[in-house]
Amino acid sequence: MTALRQFRGPRASALFPVLAYAANERLFLLDDASLAFGFLCEPLPAGDQGEADRLSVLLNQDWPKDTLLQVMLWASPDIEEPLARMRGLRIEHVDPLLREATSQRAEFLRKGTDAALGPGTELRVRDLQVLVTVKLPMAAAVPSEAELTDAAELRVGAQQVLSTAGLKPQPLTADRYVRLMNTLLNWGEGTGWRDRIVPECDPQRLIREQLLDLDRALEVDARGLSLGTCRVQTLSVKRFPDRLGFGLAARFLGDPLSGTRGVRHNLLVTLNLHFPEPEATRVQLTAQRQWAANMAYGPMVKFLPQLAQRKHGFDVLFEALDNGARPLKAYLGLVLFTPPNESVAALSNLRTYWRELGFQVMADHYFSLPLFLHCLPFGAERAVLR
């Protein structure tokens, strides 16, 4: 058992759970008695039912009870690596005009991560990444050899599933995790991650102490958070669409056909999945299904037609369970990063655009920091679920 994480104090490092990284096993050690691993993936340009079936294998693996799996879509401002590759391909050019053109192009794209590329457009430069992370429970604060072996086998199996699905997973190492968290937490000019210091992670310090720059602070108010010059707002889904297609996620950030509608600022979309005990969960669901069936055939259905829809939902759920699917608990959260003077307009645009997709999302007030941490890589807490 671990104590609930405290959300107050002078040091922000205690808000983050990652302590250390084992390079040979490619596993992270967390302060809530967990082992974790993750992958950086490329978004799928398109998908069909075959892709959905291949990815469903990831959910039906033999995960231990209370495993937490996160799938994140991150529109990142970090384009330093592609810019470095672009300059490296042209480093042998001796023509000063070409070298200057390359330098100006890189600076133009870099400025496009902070503001619109030009007048009359809200288009910004973002690097789209998909992250998949897994937190495995441990019996104690220090993992045993059996737990390390089991975690390594689960990591290999998850990587194979993601590779088969075409996501091209790359293991999330300590260097990649520190850089990723730096882009999420440090905003504005002069941030450390723009200097591309190698290695990104100092092996002599706890990982969670390397995530915030020394001149950055995390400030919380009733309507959100402030990270330096960036305003952070969290949103939760109040109502989901009646029907969801597998390819709908391709439109989370913008319309891929016209490009005229979408979320133009940096956005983190996180799906947290909790794997409870299958048999105990099925017993609970069976009782709820029986109640829904009794109400659907009773006199109350005349006044509450949605009772019939609830019964149909349970029928669909148990059909999937009978076919071998595993019951899960899920939370879908959004984190919007904007300049302070654009926060209101950007929030309204996000809510309007996602409403077009069938989602009703609401801004979280008075509880922004816990939900923000809940959406970060390895940030989901089992204690919150209880």
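Rules of the game
Residues numbered from 1 in each chain as written. Predicted model: local features only at pLDDT ≥ 70, side-chain atom pairs only at ≥ 80, totals over all residues. Heavy atoms only, no water. Patch = residues over 30% accessible without salt bridge, like charges linked within 9 Å, V, L, I, M, F, W, Y side chains within 5 Å. Areas by Shrake-Rupley, 256 points an atom, 1.4 Å probe, with all protein chains shown as cover. Salt bridge = Lys/Arg side-chain N within 4 Å of Asp/Glu carboxyl O. Buried < 20%, exposed > 50% of the residue type's maximum accessible area, 1.4 Å probe, protein only. Core = buried A, V, L, I, M, F, W, Y, C linked by side-chain atoms within 4.5 Å. Helix = DSSP H or I, 4+ residues; strand = E, 2+ residues; numbered from the N terminus. Contact = heavy atoms within 4.5 Å. Expected span 1.5 Å × (residues − 1). Arc of directions from axis to C-beta. Polar contact = N/O pair within 3.5 Å; in protein donor to acceptor, adjacent residues only side chain to side chain. Pairing = 2+ DSSP bridges. Axes fitted to C-alpha atoms, helices over the stretch in contact; angles between N-to-C directions. Left-handed = near helix turned anticlockwise from the far one by under 90°. Nonpolar A, V, L, I, M, F, W, Y, C, P; charged D, E, K, R; others polar.

Caption draft 1: Region of the structure containing a nonpolar patch on the surface. A cluster of nonpolar side chains, namely M300, F303 and L304, defines an oily patch on the protein surface of about 310 Å² accessible area. Residue F303 is classed as exposed on the basis of its relative accessible area of 65%.

Caption draft 2: Summary view of the nonpolar core. Ranked by internal contacts, the top residues of the largest apolar core, which has 42 residues, are F37, W63, L334, L350, W354 and F359. For this core, the elements supplying multiple residues, two or more each, are β3 (34-41), β4 (67-76), β5 (127-137), α4 (145-164), β9 (230-239), β10 (266-275), β11 (329-338) and α8 (343-356). Not counting the four nearest positions on each side in its chain, F359 is found in contact with V237, R239, F240, P241, L244, L248, F252, L332 and W354. Judged by nonpolar contacts, the second largest core, of 36 residues, contains L15, W187, L218 and L225.

Caption draft 3: The pattern of salt bridges, seen in detail. What the rule picks out here adds up to 18 salt bridges. As a salt-bridge pair, D114 and R194 come within 3.6 Å of each other at their nearest N and O atoms. Of this pair, D114 sits in the loop between α3 (96-111) and β5 while R194 sits in the loop between α5 (174-185) and β7 (218-221), placing them 80 residues apart in sequence.

Caption draft 4: Local environment of helix α6 (residues 278-296). In this model, α6 (19 residues) spans 26 Å end to end at C-alpha, consistent with the 27 Å of a helix rising 1.5 Å per residue. Of the residues making up α6, those classed as buried are T281, L285, A292, A293 and A296. An end-on view of α6 places all buried positions within 105° of arc, on one side of the element. Along α6, the residues that are exposed and aim more than 90 degrees away from the buried face are E279 and V283. Summarising the contacts, the buried residues of α6 are in contact with α7 (306-322).

Caption draft 5: Seen up close, the side chain of N266. Along the chain, N266 turns up in strand β10. Since its relative accessible area comes to 6%, N266 is described here as buried. In terms of polar contacts, N266 uses its side chain to reach the backbone carbonyl oxygen of A75, at 2.9 Å. Apart from residues no more than four positions distant in its own chain, N266 is found in contact with W74, A75, S76, P77, T113, R126, W187, V335, L336 and F337.

Caption draft 6: How the structure looks around the environment of Y177. The residue Y177 is located in helix α5 in this model. The spatial distance from the C-alpha of Y177 to the C-alpha of V18 is 9.7 Å, given a sequence separation of 159 residues. Excluding its chain neighbours within four sequence positions, the residues that come into contact with Y177 are V18, F28, L172, I207, L211, P377 and F378.

Caption draft 7: Region of interest: the pairing of β10. With nine of ten residues buried, β10 lies mostly within the body of the structure. For β4 and β10, the ladder comprises eight bridges, and the chain directions are antiparallel. Of the residues in β10, the one forming a bridge with L73 is V269. In this structure, β10 lies alongside β11, joined through nine bridges in antiparallel fashion. Note that in β11 the partner of L268 across the bridge is V335.

Caption draft 8: Spatial organisation of unusual backbone geometry. Phi is positive for R26, which is not a glycine, with a value near 60°. Note on placement: R26 falls in the loop between β1 (18-22) and β2 (27-30). At A33, a residue that is not glycine, the phi angle is positive and equals roughly 55°. For A33, the position within the fold is in the loop between β2 and β3.

Caption draft 9: Examining the packing of α6 against α7 more closely. Closest axis-to-axis distance for the α6/α7 pair is 9 Å, and the angle between their directions is 145°. Here α6 and α7 pass one another in a crossing that is left-handed. Only L307, A308, R310, K311, F314, D315, L317, F318, L321 and D322 of α7 make contact with α6, whose side of the interface consists of R282, L285, T286, Q288, R289, W291, A292, A293, M295 and A296. When its residues are assigned to classes, the contact of α6 with α7 shows twelve nonpolar, two polar and six charged.

Caption draft 10: A look at the environment of Y297. Within the element layout of this structure, Y297 appears in the loop between α6 and α7. Residue classification places Y297 among the exposed residues on the basis of a relative accessible area of 67%. Spatially, the C-alpha atoms of Y297 and K311 are 9.7 Å apart, while their sequence positions differ by 14 residues.

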